[in-house]
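# Understanding the architecture of this molecule
Here's the letter readout for the chains.
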Amino acid sequence: MTSRPKIYAIIPAAGSGTRLGGPTAKQFVQLGETPLLVHTLRRFEETSQVDEVGLAVPENTIAEVEQLIGRYHLNKVSKVVAGGAHRQDSVYNVLRLLQLRPSDIILVHDGVRPFVPAGLIARVIAECGVHDAAVPAVQPKDTIRRSNGGGFFDQTLDRTALWLVQTPQAFKAGVLIKAFEKALKDKFSATDEAALVERIGIKAKIVEGSHDNIKITTREDLDLGERILARWKVTADT
Ligand code: C5P
């Protein structure tokens, strides 16, 4: 009898972004009393379906990250590897080390999205089981207009057809490996894995995302993150 497919999470956290102003790369800044990356890893630690987590970080932080993993008992993290020049390279550095079967499921999640609700992780896993690829997204609330430059608008886009894409994005391992192999062969790069998978003809199922599931990039995002954290704590304590 074959065992059930395993569920892996790959967390790219190897960016050097310091747009938050300080010298610390954003994945290591404190959110409340805990480093941002630890919050993100806890979401997967607490999701019982996830078996293993692989992490890509800047090479010069590997020892520090291994210490954090020990201190915060992040027992599912099985690999901490050096990231690459771009997010896609960082994901691949983890992907190529995993012992995968085609039916396993891989979640790819930005290290700087600490507020992914457990229910959303469960939903992308379930939809991936049916559709081979599932991606969370929310619809824009603002009107979206295109400018071709020159300081004037040229076109108003149909907001109902547009989605703001989030992570975790879930893929069957066989599909994701094939998509990465084709991207490598074609030297194609993109900002998420859904774009790679589309190129091998797989349509990702849209899963309603969460407005809490923000990507922390700027100081304003970090301030918003502190407020979300306070709200999550109140909910957990009541
Ligand atoms: O670059 P961006 O803000 O889209 O980063 C999304 C995630 O990808 C972050 O968690 C960042 O640390 C990670 N990243 C990476 N390797 C890179 C660049 C970004 O793992 N070379």
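See the structure shown above.
A few points on the structure. Note that the structure is predicted; figures quoted are calculated from it, not measured. Per chain, residue numbering runs from 1 following the sequence as it is written. Given that this is a predicted model, residues contribute local features only at a pLDDT of at least 70 and side-chain atom pairs are listed and counted only at 80 or more, while totals for whole chains, interfaces and linings are drawn from all residues. Side-chain figures throughout are based on the complete set of non-hydrogen atoms in the structure, without hydrogens or water.

The next subject is the site of the ligand. Only heavy atoms are used to decide nearness, and a residue is near a molecule or strand if one of them lies within 4 Å of it. Lining the immediate environment of the ligand, one finds 14 residues, of which P12, A14, G15, S90 and K215 sit closest. Within 3.5 Å is the distance limit for a polar contact, defined as a pair of N or O atoms, with the added protein rule that one can donate a hydrogen and the other accept it, and that residues adjacent in sequence qualify only through two side-chain atoms. Between the ligand and G84, the relevant distance is 2.9 Å, taken from a nitrogen atom to a main-chain nitrogen or oxygen of the residue. Between K215 and the ligand, the recorded distance is 2.7 Å, taken from a side-chain N or O atom to an oxygen atom. Only the protein chains shown count as cover for residues, with accessible areas throughout obtained via the Shrake-Rupley method and a probe of 1.4 Å. In isolation the ligand exposes 450 Å². Once the protein is present, 83% of that is buried. Side-chain classes are defined by residue name, with Ala, Val, Leu, Ile, Met, Phe, Trp, Tyr, Cys and Pro counting as nonpolar, Asp, Glu, Lys and Arg as charged, and the others, Gly among them, as polar. For the shell around the ligand, the class distribution of residues is five nonpolar, five polar and four charged.

We now examine the nonpolar core. Side-chain atoms within 4.5 Å are what join buried Ala, Val, Leu, Ile, Met, Phe, Trp, Tyr and Cys residues into a set we call a nonpolar core. Working definition: with a 1.4 Å probe on protein chains only, accessible area under 20% of the residue-type maximum means buried, over 50% means exposed, and in between means partly exposed. Ranked by size, the top nonpolar core spans 32 residues in total, and within it F44, L55 and L107 carry the most contacts. Counting from the N terminus, the helices are DSSP H or I runs at least four residues long and the strands are E runs at least two residues long. For this core, the secondary structure elements donating two or more residues are strand 1 (7–12), helix 1 (36–45), strand 4 (52–57), helix 2 (62–71), strand 5 (77–82), strand 6 (105–108) and helix 4 (118–131). With five residues, the top contributor of residues to this core is helix 4. Two residues form a contact once any of their heavy atoms are found within 4.5 Å. Contacts of L55, omitting those with residues within four sequence positions, involve I11, A13, L37, L41, V65, I69, V77, K79, V80, V81 and V94.

All right, on to the side chain of E193 then. Following the sequence through the fold, E193 ends up in helix 6 (residues 193–198). In contact with E193, not counting residues within four places along its chain, are R87, V91, V108, Q169, F171, L176 and F180.

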